[in-house]
Amino acid sequence: MSHMKPIFEKSSGRLTRLSEKLHQDDDLGNRLPGLAELLDDIVDTAKDVPREESIRRLLQVFWKSESDGTYSDILNNYSDDEKNLLRAFVEDEKSAQDIGNDFKLSLSLGAREELPVVDEEESHPENAFEEIVQSTIPKISKVFAGMDQQVTLYNDATRKARIPFHVNEKFQNWGLTVKNVPSLTFIPSTSYGIQQIVKHAKDRGLKVRASGYRHSWAPVFSEDGQIIISTLGLYQATVLPNIESLPGSEFFVRGTELNSIDFVGKPQKGQKRLVRVGTAVTNQMLRRWCNKQKLDDASALPLNVIMVEITFGGSNAPICHGAGRRHPTLSDLVHTIEYVDVNGNMQTISKDKDPSFMNVASGCFGLLGIVTHITLELDPMRYAVMVPQKLPVMQAIPPPPGLADKDIPEALRIKMTPQQRADAQAAFEKHAADDFYSEWFWFPYTSKVWVNCWNTVEDGKGAKEYPGKASVFVQWAETVLIQIIQDSEAVLKLQNIFPWTQATLLSKLGLYAMPDVADPSEAIKTQLPDALHFRRAIQNVRVRDTEFEIPLQPKAGSLKDAGPNAAVDWSLVQKAWWDAILAAYKYDDTCPQRMPLEMRITGPSNVTMAPFRGHKLGSCSIEVLTLQNMEARWSPYAQYVVDKWMELKDNQGNYLQTRPHWAKEWATMTVRGRPMLEYVKESYRDDILEFRGTLEQIAKKQGWDVKEARQRFSNELFDKLIFT
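Description of the structure in this document. As the structure is a computational prediction, the values presented were derived from the model and not from experiment.

Procedures and definitions
Residues numbered from 1 in each chain as written. Predicted model: local features only at pLDDT ≥ 70, side-chain atom pairs only at ≥ 80, totals over all residues. Heavy atoms only, no water. Pairing = 2+ DSSP bridges. Helix = DSSP H or I, 4+ residues; strand = E, 2+ residues; numbered from the N terminus. Phe/Tyr/Trp six-rings, centres within 6.5 Å; stacked < 30°, edge-to-face > 60°. Buried < 20%, exposed > 50% of the residue type's maximum accessible area, 1.4 Å probe, protein only. Lys, Arg positive; Asp, Glu negative; His and termini not counted. Salt bridge = Lys/Arg side-chain N within 4 Å of Asp/Glu carboxyl O. Polar contact = N/O pair within 3.5 Å; in protein donor to acceptor, adjacent residues only side chain to side chain. Contact = heavy atoms within 4.5 Å. Axes fitted to C-alpha atoms, helices over the stretch in contact; angles between N-to-C directions. Expected span 1.5 Å × (residues − 1). Core = buried A, V, L, I, M, F, W, Y, C linked by side-chain atoms within 4.5 Å.

**With respect to the sheet that holds strand 22 (residues 659-660)**
Spatially, 14-16-15-20-21-19-22 is the arrangement adopted by the seven strands of the open sheet, whose pairing is antiparallel. Both outer strands of the open sheet, strand 14 (389-392) and strand 22, are each paired with one neighbouring strand and no more. Where strand 19 (residues 543-551) and strand 22 come together, two bridges link them in antiparallel fashion. Across the sheet, residue Phe-548 finds its bridge partner in strand 22, namely Pro-660.

**Here's the deal with the packing of aromatic side chains**
Per the stated rule, a full pass over the model turns up 27 aromatic pairs. With 6.3 Å between their ring centres and 40° between their planes, Phe-365 and Phe-691 make a pair best called tilted. One end of the pair, Phe-365, is in the loop between helix 15 (358-361) and strand 12 (370-380); the other, Phe-691, is in helix 25 (residues 685-702), with 326 residues separating them in the sequence. Measuring from ring centre to ring centre gives 4.7 Å for Tyr-437 and Trp-454, while their planes differ by 5°; the resulting arrangement is stacked. Taken as a pair, Tyr-437 in the loop between helix 17 (418-434) and strand 15 (439-442) and Trp-454 in strand 17 (residues 454-457) lie far apart in primary sequence, 17 residues in all.

**Remarks on the side chain of Glu-549**
Its place among the elements puts Glu-549 in strand 19. Among buried Asp, Glu, Lys and Arg side chains, Glu-549 stands out as unpaired, with Lys-664 the closest opposite charge at 6.6 Å. At a separation of 2.6 Å, a polar atom in the side chain of Glu-549 contacts the side chain of Ser-621. Leaving out residues up to four positions away in the same chain, Glu-549 has contacts with His-321, Pro-611, Phe-612, His-615, Cys-620, Ser-621, Gln-657, Thr-658, Arg-659 and His-661.

**A word on unusual backbone geometry**
With an omega of -15°, the peptide bond running from Tyr-466 to Pro-467 counts as cis. On the secondary structure map, Pro-467 appears in the loop between strand 17 and helix 18 (469-487). In this structure, Phe-365 is a non-glycine residue whose phi angle is positive, near 60°. Note on Phe-365: relative accessible area 4%, which makes it buried. Look at Cys-591: it is not a glycine, yet its phi comes out positive at around 50°. Considering the arrangement of structural elements, one finds Cys-591 in the loop between helix 22 (571-586) and strand 20 (597-602). Exposure remark for Cys-591: the relative accessible area of 0% places this residue in the buried category.

**Regarding the pattern of salt bridges**
Going through the model one piece at a time under the given rule, you end up with 39 salt bridges. A salt bridge links Glu-377 to Lys-351, with the nearest nitrogen and oxygen atoms 3.1 Å apart. On the criterion of sequence distance, the pair formed by Glu-377 in strand 12 and Lys-351 in the loop between strand 11 (346-350) and helix 15 is long-range, its members being 26 residues apart. Residue Arg-613 pairs with Glu-690 through a salt bridge whose shortest N-O separation is 3.1 Å. Of this pair, Arg-613 sits in the loop between strand 20 and strand 21 (619-627) while Glu-690 sits in helix 25; the two residues are 77 residues apart in sequence, bridging distant segments of the chain. Judged by relative accessible area, which is 31%, Glu-690 ranks as partly exposed. One connected set of salt bridges, linked through shared partners, spans Asp-545, Glu-547, Glu-598, Arg-600, Glu-623 and Lys-664.

**Observations concerning the sheet that holds strand 13 (residues 383-386)**
With respect to topology, three strands assemble into an open sheet ordered 17-13-18, the strand pairing being antiparallel. Sheet topology places strand 17 and strand 18 (524-527) at the edges, where each strand pairs with a single neighbour. Strand-to-strand twist of the sheet, defined as the mean angle between neighbouring strand axes without regard to direction, takes the value 30°. With four bridges connecting them, strand 13 and strand 18 associate as antiparallel partners. Bridging from a neighbouring strand, Met-386 pairs with Ile-524 of strand 18.

**A few points about helix 1 (residues 11-24)**
Helix length check: helix 1, at 14 residues, gives a terminal C-alpha distance of 20 Å against a target of 20 Å (1.5 Å per residue), a fit within 8%. Residues of helix 1 that are buried make contact with helix 2 (26-31), helix 3 (35-43), helix 19 (489-497) and helix 20 (501-513).

**Concerning the environment of Ser-621**
Along the chain, Ser-621 turns up in strand 21. Measuring from C-alpha to C-alpha, the distance between Ser-621 and Phe-548 comes to 5.9 Å, with 73 residues separating the pair along the chain. Leave out the neighbours within four places in its chain, and Ser-621 touches His-321, Glu-547, Phe-548, Glu-549, Glu-598, Met-599, Arg-600, Thr-602 and Phe-612. A polar contact is formed between the side chain of Ser-621 and the side chain of Thr-602, at a distance of 3.4 Å.

**What about the nonpolar core?**
The biggest cluster of nonpolar side chains holds 213 residues, and the ones touching the most others in it are Trp-440, Trp-577, Trp-578, Trp-645 and Trp-704. Sequence-distant contacts of Trp-577, that is, excluding residues within four places in its chain, are made with Ile-397, Trp-440, Phe-441, Trp-442, Val-449, Leu-597, Glu-598, Met-599 and Ile-622.

**Notes on the side chain of Asn-259**
Inspection of the secondary structure assignment puts Asn-259 in the loop between helix 12 (234-238) and strand 7 (261-264). With relative accessibility at 15%, the residue Asn-259 sits in the buried group. For Asn-259, the side chain forms a polar contact with the main-chain nitrogen of Thr-256, separated by 2.9 Å.

**Brief notes about the environment of Trp-63**
Positionally, Trp-63 belongs in helix 4 (residues 51-64). When its relative accessible area of 32% is taken as the criterion, Trp-63 is described as partly exposed. The spacing of Trp-63 and Glu-91 is 28 residues in sequence and 7.9 Å in space, taken between C-alpha atoms. For Trp-63, the contacting residues outside a window of four places in its chain are Tyr-71, Val-90 and Glu-91.

Structure, rendered in structure tokens:
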């Protein structure tokens, strides 16, 4: 394959080609007014186009277009307040600083037509939400239409607060990979309400599963004709854009039992503390709660997923993780699980009373029952000292042994002396092995990697809010822009000429948005929760996502015999990373990967069904993403990348026990010619036996039946994986 194709040019060369075409083609230039000039300015090294200005000018391209109506079409999906916000930024050129400081969300999060918030009889003394909700009742009355003819269940024993529900409401997950029509969709706000739903399901022989933001791509949800519990209002969970992550949106979070956050006992200085959260609590809620605690109460999770718009019920059930080799999974931090069993009874499992059950209960895919609350083990607050950098691809994660320079895409090649290569290798290995947080991003076809590796300190002096209010708004505006670029007919026309158009624009925008700290004295110091959730509003752009967990291997001997301090063979990690990069260039004719390649190093897990269990030295958590509009081209591409990862072998010639992330796309894939599900069942053979055996023990102790629990809480995927 020749490396002279346009796709192998550096991004500046591709931007120049786009600009030249726009200057030459009057029709395209008129459809995208100002884009050529913006690209010229970005390419011109003598000019500095600040991030905020670049986003505004790109949005102005579509605003000013007389033939491409995408800007208006996208804005029509927003509330009046959101439209005014965007127009102030784009059309009035108001600064993000002014908008971030002054902006307070209206009821747009809670007043849209599809939001089943609360019945007229339900009250919420925890905040001032009720008065506002009452004015929206006419808009949401369809939720309760026919309630008496169908079923009436209550959130409380006094029968004053009915549980909102939908009948035959279409369900779809965030990634649009799962679609079905449950017979009933309930939106309870209490554990009591969930108990009534489970009893109702039992009486009618129906299955019932729960969902939050519906952020899993795998088929882990309910099914046609069954019952699904939504711990969030349907509008909040399904309609984009989601604005919960913007400053001010905390005023529109409805206080319920299921999104409560409380200490269990009094935190002691320097010691771990227990925090009980409802399963409807989002990362955003806990982030804000943690940041508000003072003195000895100041607390933080040591790890988490990046996204703030995800519930703890949704991140715990499929055993999600963060970054850093010293950290296990979120489920490993679970101290207590409270759930409604198959009989509708409340049950509790904890490390104190049932330690032998916790490795199953803490990550059980909802098969125990409907989890209502989770008690987590948090640490005293620490402060991240972030020094993110944009480094040449060959320097950030050096090519593995055996990958010759001539086989590296020309746009990525740099000249490096043997000492520079050795220094780059040492820096990568130190980040991967030792840093509190270790993560790398490559935006397709860019020549640099964003390296986000950092450590923490106890001293909070000099710590600042990160990202600041202006930056949060700019991040949100970026997601609006990405939606427009996806849908624009003018961009599509340009894409038909240069297949890399969309990928180039999005990658340039994505890399440009990331901070770059060249001087350690200018490090970003912030509270740990802010550093873990450094990107906000990313849920506003639907993506496809495939992630696999590759076990780190020792340089000598087998993983089974390796001690905790065994030297790691990082070349396998480098190979997995570069295999994914080379895959993007192999598919340069269609560029199916239009969102980042991301890699994190994680620690081992004790949770029975965790993909990381048995990975004694840690894991390479690596994933590829793309835009939702690449659906048709994504599956074969993702399969090709996975094939490369599954070819990796240890130093004894054995295939690695690489496993998919439960929540990502994997169920329809294959491994070396076999169905992925078949491979996964074999990989987890002993774990599945342990999982089922522990379920039997829990059921016997707590008075329920596993067979009946399967009938009530399982689905087709888990029937095949766990129970057959």
